[in-house]
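Letter by letter, the chains look like this.
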Amino acid sequence: MSAWTVLYTRQFETLLMELSDGDYERVEHSIDILATNPGLARDYDPVYEAARPPMPCLWYHVPRTAKDLYLIADEEATLLTFIFLVDARENPRHRFDSMGVE
């Protein structure tokens with residue numbers, strides 16, 4: 001299977017650049033894995049309505065970190081768009097409060 005194309009929203013890229021070196025490397029490694037295995041990401045369907053992002057998306061927890069990735073997969077275009085990066089320890093009811101629409 002060939003790798004999917006990967007894009008970052010500006011907000012995702014900004015959050016990525018704020019990570020520690022170790023978390024940055026783990027997140028980048030997870031993105032590389034998802035690019036060749038997009039089925040590892042799961043539908044994000046939170047229990048709380050307040051925890052819903054502005055659009056349907058997929059979710060992936062980055063191993064050995066407290067980071068969660070949110071992304072949109074376009075199967076027809078084989079494109080993964082990473083839209084948001086959060087600390088899983090944050091209150092899920094306010095997880096997407098700072099998410100701007102691009």
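Quick note: structure is the one above.
This is a predicted model, so every value here is computed, not measured.

1. Let's talk about the overall build of the chain
Summing up its helical and strand segments, the chain has two helices and five strands in all. The C-alpha radius of gyration computed for the chain amounts to 13 Å, which stays within 12% of the reference 13 Å derived for 102 residues, consistent with globular compactness. Across its three principal directions, the C-alpha atoms of the chain cover 35 × 30 × 25 Å. For the chain, buried positions account for 40% of its 102 residues. Summarising the internal contacts of the chain: among those between residues at least 6 apart in sequence, 51% fall at separations of at least 24. By element, 51% of the accessible surface of the chain is carried by carbon and sulfur atoms, the whole surface being about 6,300 Å².

2. Points about the packing of aromatic side chains
On inspection of all chains with the given rule, the structure shows four aromatic pairs. Measuring from centroid to centroid gives 5.0 Å for Tyr 8 and Phe 12, while their planes differ by 45 degrees, and the two rings are tilted. Overall, Tyr 8 belongs to the partly exposed group, its relative accessible area being 27%. For Phe 12, a relative accessible area of 0% translates into the label buried. When the ring of Tyr 8 is compared with that of Phe 82, the centres are 6.1 Å apart and the planes differ by 85 degrees; the resulting orientation is edge-to-face. Placement of Tyr 8 in strand β1 (residues 5-8) and of Phe 82 in strand β5 (residues 79-87) is noted, with a sequence separation of 74 residues between them.

3. Comments concerning the packing of helix α1 (residues 10-17) against helix α2 (residues 21-36)
Relative to each other, α1 and α2 sit at 140 degrees, their axes nearing to 9 Å. With respect to α2, the element α1 is oriented oblique. Here Phe 12, Leu 16 and Met 17 of α1 lie close against α2, whose contacting residues are Tyr 24, Val 27, Glu 28 and Ile 31. Within the contact of α1 with α2, the residues separate by chemical class into six nonpolar, no polar and one charged.

4. A short note on unusual backbone geometry
Here Arg 64, not a glycine, exhibits a phi torsion of approximately 65 degrees, which is positive. As for its position among the elements, Arg 64 is in the loop between β3 (58-61) and β4 (67-74). Given the relative accessible area of 70%, Arg 64 is considered exposed. Located in the positive-phi region is Thr 78, a residue other than glycine, with phi close to 45 degrees. By the secondary structure assignment, Thr 78 is in the loop between β4 and β5.

5. A short note on α2
With 16 residues, α2 should cover 22 Å at 1.5 Å per step; its first-to-last C-alpha distance of 23 Å lies within 8% of that length. Inspection of α2 places Asp 23, Val 27, Glu 28, Ser 30, Ile 31, Leu 34 and Ala 35 among the buried residues, and these make up the whole buried set. Taken end-on, α2 shows its buried residues confined to a sector of 160 degrees, consistent with a single buried face. Seen from the buried face of α2, the exposed residues on the opposite side, beyond 90 degrees, are Asp 21, Glu 25 and Asp 32. Those residues of α2 that are buried are in contact with β1, α1, β3, β4 and β5.

Conventions adopted
Residues numbered from 1 in each chain as written. Predicted model: local features only at pLDDT ≥ 70, side-chain atom pairs only at ≥ 80, totals over all residues. Heavy atoms only, no water. Helix = DSSP H or I, 4+ residues; strand = E, 2+ residues; numbered from the N terminus. Rg over C-alpha atoms; globule rule 2.2 N^0.38 Å. Buried < 20%, exposed > 50% of the residue type's maximum accessible area, 1.4 Å probe, protein only. Contact = heavy atoms within 4.5 Å. Areas by Shrake-Rupley, 256 points an atom, 1.4 Å probe, with all protein chains shown as cover. Phe/Tyr/Trp six-rings, centres within 6.5 Å; stacked < 30°, edge-to-face > 60°. Axes fitted to C-alpha atoms, helices over the stretch in contact; angles between N-to-C directions. Parallel < 35°, antiparallel > 145°, perpendicular 65-115°, else oblique. Nonpolar A, V, L, I, M, F, W, Y, C, P; charged D, E, K, R; others polar. Expected span 1.5 Å × (residues − 1). Arc of directions from axis to C-beta.

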